[in-house]
Amino acid sequence: MKILFVNPCLRSTAPHRYLPVGLGYVVTAAKVAGFKFDLLDVDIDGMPDQKVEEYIVRHRYDVILVGSIVTHYKWVKWFCGMAKRYHPGCKIVVGNSVASSIPEVILHHAPVDVVVLGEADVTVVELLQALNDGHALGEAYEPEVPILHNNGPVPATIRGQGIEGIVFRDEKGRLVNNGKRKAVKKIDDLPFPDWDIFDVQRYITKCQTTAHGTTRYPVEQARVMPVNTARGCVFKCTFCHYVFWDDPYRHRSPESVIAEISRNQQKYGANYINFWDELTFHKVRPAQKFIDALIEADLGIHFTAAIRTDLLGCDEAPYEERVELARRMKQAGCIAVGFSLESANAEILIAMNKLVKGEYFGEQVRILKEVGIISNTSVIFGYPQETPASIQETIESCRRAKIYPSPGFLLPMPSTGMWKHAVDNGYIRDVDQYLLNITERQDFSVNMSRMNDAELKNEVEKALGGLARDLGLDFGGSLMKTGGENRHSRNQEVEMHRNTNDTMNYANVIGSV
Ligand code: B12
Ligand code: SF4
């Protein structure tokens, strides 16, 4: 059986590239299980669509597997249609949230044969085994039981049983949903992503400019690699969705994470690690334990991580304990942390189900500044409760903290509370068309606030413009897609070797998250 995995490209014009962690896990699982396959890495050189098509025309595969996030629906739909046109007999498998959060939609609108739901490490191996052996993927319950969904007027999938974690098209053309697979309990047991499958050295070279700044070595020597330390998140914000949404929050042990970092150091020369998690440190005590182990291991690395404003900003843990954690994070090599203010308005924070208070933000920024860690934060404008006053309130909070945030507009994504609100209230009528149009949260998509489009955009621009002026920043007229971590963190007075580029700066059009 000839297998192809495809690594799509989210930002073809960006100068830098990140190793794809999710796909990394999936191809590693396939390799460990003994499957041979090709990898079409569209991302590393930003391969144009025409070249992708030429590759598909020239090669014949029995199975093609591709995965991406839901904002990449347009490309994935094009790719699947194109591949099927040239190779009608080839099975097309799609994973990650572009499939997982909208199985009915992608199966209805694209010639996809199998959708992998959620965590794919185990499912992909079972699926490839069944396809290889010519076994059935499952069967539909009789009589048919439709599975309810919030994805607009497309036919529902029907309940089935067989390989867990897939929805597939059966011989009668029905969309059979075998249901979600239970999450892997101990993620320590998963093999480390095998980066030899990718052109790892070129990824490391292309990621160098994303290092925030360093104190342990000149920033030009940064060798950046990703490590996933946790899967999922304990919270349920109404604008957010990721594939582990229905799974429990799971942490790897410090030993396992340290072993992977050491492997990356020894094998690939890594010295700067991005913890690509939804939530790296959830509570003070477990974070302390992890950081202590990192200090003990004395790896000489730098790292970035994802936290929430309640980690250091909430007085549930004593102030001294939180400052001590921040200090030790710095000692362990932490350069920057990403966390979101999202909004400073109490009513909007409730609508977001953020479960934090606006004041945590200021406290956390103060503590991080005190110890010399950079704060990267993002804000969302355009919740139904948004008013000119609430926009100002959010900006005022940033002004006090002397931080220019990564701004974005509310982008309703499938499987979120705000998606349901948008579909139920007619803001999104044609789901396929909406998904074909969306790009990033820095672009305006759908306005669900009480202001009209022009008013919302003007108020946001006015507020951001004032903030940039007060902080002495010049983004060349582009206040949403600003880019440049150096400029964002200019007021943070952290002493380190500076890079001229950015990382984890959510607002960068050519950049990162
Ligand atoms: C790293 C990252 C990025 C990197 C991607 C770099 C890279 N090459 O990986 C960058 C910085 C480019 C990025 C950008 C954006 N990102 Co981002 N990003 C992340 C982050 C922090 C980590 C991803 C990760 O490594 N996860 C860990 C792995 C293990 O999980 P996974 O990727 O989901 O993989 C599993 C499954 O999905 C599945 N799977 C994955 N790939 C494949 C492939 C196949 C074939 C199959 C079968 C299965 C499969 O199996 C994997 C293992 O179980 C996540 C948060 C998160 N932790 O997921 C957000 C996240 C993926 N990003 C998100 C978003 C919204 C964006 C942006 C659109 C933000 C924006 N500006 O608007 C941009 C995209 C810009 C664009 N042009 O479209 C959302 C996606 C939401 C959604 N429902 O789709 C997430 C989930 C964050 C969130 N909660 O909102 N991002
Ligand atoms: S926005 Fe952050 S805190 Fe909220 S659910 Fe998503 S990952 Fe968790």
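Quick notes on the rules
- Residues numbered from 1 in each chain as written.
- Chains lettered and ligands numbered in written order.
- Predicted model: local features only at pLDDT ≥ 70, side-chain atom pairs only at ≥ 80, totals over all residues.
- Heavy atoms only, no water.
- Pairing = 2+ DSSP bridges.
- Helix = DSSP H or I, 4+ residues; strand = E, 2+ residues; numbered from the N terminus.
- Axes fitted to C-alpha atoms, helices over the stretch in contact; angles between N-to-C directions.
- Near = heavy atom within 4 Å.
- Nonpolar A, V, L, I, M, F, W, Y, C, P; charged D, E, K, R; others polar.
- Buried < 20%, exposed > 50% of the residue type's maximum accessible area, 1.4 Å probe, protein only.
- Lys, Arg positive; Asp, Glu negative; His and termini not counted.
- Salt bridge = Lys/Arg side-chain N within 4 Å of Asp/Glu carboxyl O.
- Parallel < 35°, antiparallel > 145°, perpendicular 65-115°, else oblique.
- Left-handed = near helix turned anticlockwise from the far one by under 90°.
- Contact = heavy atoms within 4.5 Å.
- Polar contact = N/O pair within 3.5 Å; in protein donor to acceptor, adjacent residues only side chain to side chain.
- Phe/Tyr/Trp six-rings, centres within 6.5 Å; stacked < 30°, edge-to-face > 60°.
- Lys NZ or Arg CZ within 6 Å of the ring centre and 35° of its normal.

Asker: What's the story with the sheet that holds strand β9 (residues 175-177) in this structure? I'm lost.
Answerer: Across a sheet, paired strands are connected by hydrogen bonds in the backbone, their directions being either parallel or antiparallel. Strand order in the open sheet formed by 9 strands is β2-β1-β3-β4-β5-β8-β9-β7-β6, and the pairing between neighbours is mixed. Only two strands of the sheet have a single partner each, and these edge strands are β2 (38-41) and β6 (138-140). Adjacent strand axes in the sheet meet at a mean angle of 25 degrees, parallel and antiparallel pairs treated alike. Bridge analysis of β6 against strand β7 (residues 158-162) gives 3 bridges, and the strand direction is antiparallel.

Asker: Sorry, what's going on with the site of ligand 2 here?
Answerer: Around ligand 2 sit Cys233, Phe235, Lys236, Cys237, Phe239, Cys240, Trp245, Glu278, Arg308 and Lys354, and those are all the residues in its vicinity. The class makeup of the residues in the shell around ligand 2 is 6 nonpolar, no polar and 4 charged.

Asker: Any chance you could explain unusual backbone geometry here in plain terms?
Answerer: Across residues other than glycine, the phi torsion is negative in most instances, and most of the peptide bonds are trans. Looking along the chain, the bond that leaves Glu142 and enters Pro143 is cis, with omega of -5 degrees. The phi dihedral of Asn96 falls on the positive side, at around 65 degrees, and the residue is not glycine. As for its placement among the helices and strands, Asn96 is situated in the loop between β4 (91-95) and α4 (97-100). Assessed through its relative accessible area of 33%, Asn96 is described here as partly exposed. For Glu342, which is not a glycine, the phi torsion comes out positive at approximately 65 degrees. Tracing the backbone through its elements, the reader meets Glu342 in the loop between β16 (334-338) and α12 (346-352). For Glu342, a relative accessible area of 4% corresponds to the buried category.

Asker: Could you clarify how one ought to interpret the pairing of strand β8 (residues 166-169) in this entry?
Answerer: Regular strands have side chains that alternate between both faces of the sheet. By the bridge criterion, 3 bridges tie strand β5 (residues 114-116) to β8 in an arrangement that is antiparallel. Looking at the pairing, Val114 lines up with Phe168 of β8. In sequence, β8 turns back onto β9 through a hairpin of 5 residues, with Gly173 there showing a positive phi of about 85 degrees.

Asker: Help me understand the side chain of Lys354 in this model?
Answerer: With respect to the helices, strands and loops of the structure, Lys354 is situated in the loop between α12 and α13 (358-371). The side chain of Lys354 is buried and forms no salt bridge, while Glu342, the nearest opposite charge, is found at 4.0 Å.

Asker: Teacher, can you tell me more about the packing of helix α14 (residues 388-401) against helix α17 (residues 453-470) here?
Answerer: When two helices pack together, their arrangement is captured by the angle between the axes and the distance separating the axes. In contact at an axis separation of 10 Å, α14 and α17 are set at 20 degrees when each is read in the N-to-C sense. As judged from the angle between their axes, α14 and α17 are roughly parallel. Between α14 and α17 lies a crossing of right-handed hand. Here Pro388, Ile391, Gln392, Ile395, Cys398 and Arg399 of α14 lie close against α17, whose contacting residues are Leu456, Glu459, Val460, Ala463, Leu464, Gly466, Leu467 and Asp470. In terms of residue class, the contact of α14 with α17 is made up of 9 nonpolar, 2 polar and 3 charged.

Asker: Please clarify how the site of ligand 1 should be interpreted in this entry.
Answerer: Near ligand 1, the surroundings consist of 41 residues, among which Tyr18, Ser97, Asp121, Glu278 and Arg441 are the closest. Within the backbone of Leu10, a nitrogen or oxygen atom sits 3.2 Å from a nitrogen atom of ligand 1. Asn96 is positioned such that a nitrogen or oxygen atom in its side chain is 3.1 Å from an oxygen atom of ligand 1. Counting residues per element, the ones that place at least two in the shell around ligand 1 are α1 (21-32), β3 (63-67) and α6 (121-133). The biggest single contributor to the shell around ligand 1 is α1, with 5 residues. Considered class by class, the residues forming the shell around ligand 1 number 22 nonpolar, 11 polar and 8 charged.

Asker: Is there a simple way to think about the environment of Asp49 in this case?
Answerer: Counting through the fold element by element, Asp49 comes out in helix α2 (residues 49-58). As for Asp49 and Glu363, which are separated by 314 residues in sequence, their C-alpha atoms are 47 Å apart. When neighbours within four sequence positions are excluded, Asp49 is seen to be in contact with Trp75 and Trp78.

Asker: Honestly, the packing of aromatic side chains in this entry has me stumped. Any pointers?
Answerer: Aromatic rings considered in pairs are described by the distance between their centres and by the relative angle of their planes. In this structure the tally under the stated criterion is 14 aromatic pairs. Where Trp75 meets Trp78, the ring centres are 5.7 Å apart and the plane angle is 55 degrees; that geometry is what we call tilted. Taken together, the residues Trp75 and Trp78, both in helix α3 (residues 73-86) and 3 residues apart, mark about one turn of the helix. Of the residues examined, Trp78 reaches a relative accessible area of 27% and is grouped as partly exposed. Ring centres 5.2 Å apart and planes at 15 degrees place the aromatic pair Trp75 and Phe79 in the stacked group. Taken as a pair, Trp75 and Phe79 lie in helix α3 at a separation of 4 residues, close to a single helical turn. On the basis of relative accessible area, Trp75 is assigned to the buried category, the value being 12%. Overall, the relative accessible area of 0% leaves Phe79 in the buried class. Taken together, Phe275, Phe281, Phe290 and Phe303 form an aromatic cluster joined through their ring pairs. Of note, Arg231 hangs over the ring of Tyr25, and the distance from its end group to the ring centre comes to 4.7 Å.

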